[in-house]
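Understanding the architecture of this molecule
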Amino acid sequence: MAGKKAKQLNWSAEQRNAFIEFRVFWHGRINRADLMDTFGISLQQASLDLTRYSERWKRNLAYDKRQRAYVRGKAFKPRFMTPSAEEYFAQLRAVDQGLVSRDQSWISVFPTFAATPIPARGVTPETLRDVLAAIHAPAALEITYQSMSRPEPSLRWIEPHALAFDGFRWHARAFCQNDQVFKDFLLSRIVEAGTQGPVTADPQADADWHSEVVLEIGPHPDLSPTQRRAIEMDYGMEEGRAQIRVRQALLFYALKRLGLDTDPAARRPQDQQIVLLAQSEVPSMRPPD
């Protein structure tokens, strides 16, 4: 029991050190109140954390008497976290969508920001609970499903083994006992989930889920040199190309989201912006039922 507690304390200390580095990297300073408010620790513990950190990594922090706070050292090199613009943006999005409060985020000073709204999806917690239970069991799940191909909801037996997000909607990746094939089922189209049953397929047999496709993209060839350079910067391209790895099961959604699911000539180069450099090597995929 004591060993387990010590391990938890070590993890907590690492989290606080990572927080120190996050605040110092993104905001340039940190004080005891920051640690106390975020982790609910005492003044004494917050002082000890900052003292120990600054003594061990002297070049990372410097104490500023005027600000009464530790500031980022000129030779700052994080030890407990890797600065990531994606992670920072993810925290902004989480706050914007109401998934976490500002107080729960590690960001202290928020920039003015906004994001395009994402329509609410009608996934009930009970539906998600039942699908997760079937994944974990594993088990087949009887569902009433509203597909695009039928006018009325129909009964199906599915064997979900994974969840997938296409950028807007959540899906269950499952073996469909009715059609005897692995496919995607939109969680929002599950009208009702019923009883469980025995599985009949091995998730490892879902070849599209377990294989990857590499999309090689580049700027639209009809853009000007300046426009091409701008697009190369947007997508982190090197020598006019970038590679995006995607599960083959999610290829349909990836192409649609990148605007690569139609003929590039159908839109202006300034609107299309990117093209597939090896169109013939990309397999075709169908949309969800």
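Please read all numbers here as calculations on a predicted model, not as lab measurements.

Regarding the sheet that holds strand 9 (residues 212–219)
- If you trace the three strands from one edge of the open sheet to the other, you get 10-9-11, paired in antiparallel fashion. Single-partner strands in this sheet number two, and they are strand 10 (242–247) and strand 11 (274–276). Here the strands of the sheet are splayed against their neighbours by 35 degrees on average, with no regard to which way each runs.
- Pairing of strand 9 with strand 11, which is carried by three bridges, proceeds in the antiparallel orientation. Across the sheet, the residue bridging to G218 is V275, located in strand 11.

So, the side chain of S147
- Note on placement: S147 falls in the loop between strand 4 (140–145) and strand 5 (154–165).
- Among the polar contacts listed, one links the side chain of S147 to the side chain of S149, at a separation of 3.3 Å.
- A polar contact is formed between the side chain of S147 and the backbone nitrogen of R150, at a distance of 3.3 Å.
- The contact partners of S147, leaving out residues within four places of it in the chain, are R156 and D289.

Observations concerning the pattern of salt bridges
- This model, assessed by the stated rule, comprises 14 salt bridges.
- Salt-bridge contacts for D49 lead to R16; the nearest nitrogen and oxygen are separated by 2.5 Å. Here R16 lies in helix 1 (residues 2–27) and D49 lies in helix 3 (residues 43–56), a separation of 33 residues in the sequence.
- Under the relative-accessibility criterion, D49 is labelled buried at 8%.
- Accessibility expressed as a relative area gives 11% for R16, which makes it buried.
- Each of R156, D179 and K183 takes part in salt bridges that share partners, so that together they form one network.

Concerning the environment of G98
- Tracing the backbone through its elements, the reader meets G98 in the loop between helix 4 (85–96) and helix 5 (125–136).
- Sequence separation between G98 and A230 is 132 residues, and the spatial gap between their C-alpha atoms is 33 Å.

As for the environment of R267
- Residue placement: R267 occurs in the loop between helix 8 (251–257) and helix 9 (269–272).
- Excluding residues that lie within four positions of it along the chain, R267 makes contacts with G259 and Q272.

Re the packing of helix 2 (residues 32–39) against helix 3
- Interaxial distance between helix 2 and helix 3 falls to 9 Å at its minimum, and their mutual angle equals 120 degrees. Judged by the inter-axis angle, helix 2 sits oblique to helix 3. Two packed elements cross with a definite hand, and for helix 2 against helix 3 that hand is right-handed. Residues R32, L35 and M36 of helix 2 lie in contact with helix 3, whose contacting residues are L43, A46, S47, D49 and L50.

Quick look at the sheet that holds strand 3 (residues 69–72)
- Judged by pairing direction, the sheet is antiparallel, and its three strands sit side by side in the order 1-3-2 without closing on themselves. At either margin of the open sheet sits one strand with a lone partner, and together these are strand 1 (29–30) and strand 2 (61–64).
- The sheet strands contacting helix 3 are strand 1, strand 2 and strand 3, and the helix crosses strand 3 at an angle near 35 degrees.

Scoring rules and cut-offs
Residues numbered from 1 in each chain as written. Predicted model: local features only at pLDDT ≥ 70, side-chain atom pairs only at ≥ 80, totals over all residues. Heavy atoms only, no water. Pairing = 2+ DSSP bridges. Helix = DSSP H or I, 4+ residues; strand = E, 2+ residues; numbered from the N terminus. Axes fitted to C-alpha atoms, helices over the stretch in contact; angles between N-to-C directions. Polar contact = N/O pair within 3.5 Å; in protein donor to acceptor, adjacent residues only side chain to side chain. Contact = heavy atoms within 4.5 Å. Salt bridge = Lys/Arg side-chain N within 4 Å of Asp/Glu carboxyl O. Buried < 20%, exposed > 50% of the residue type's maximum accessible area, 1.4 Å probe, protein only. Parallel < 35°, antiparallel > 145°, perpendicular 65-115°, else oblique. Left-handed = near helix turned anticlockwise from the far one by under 90°.

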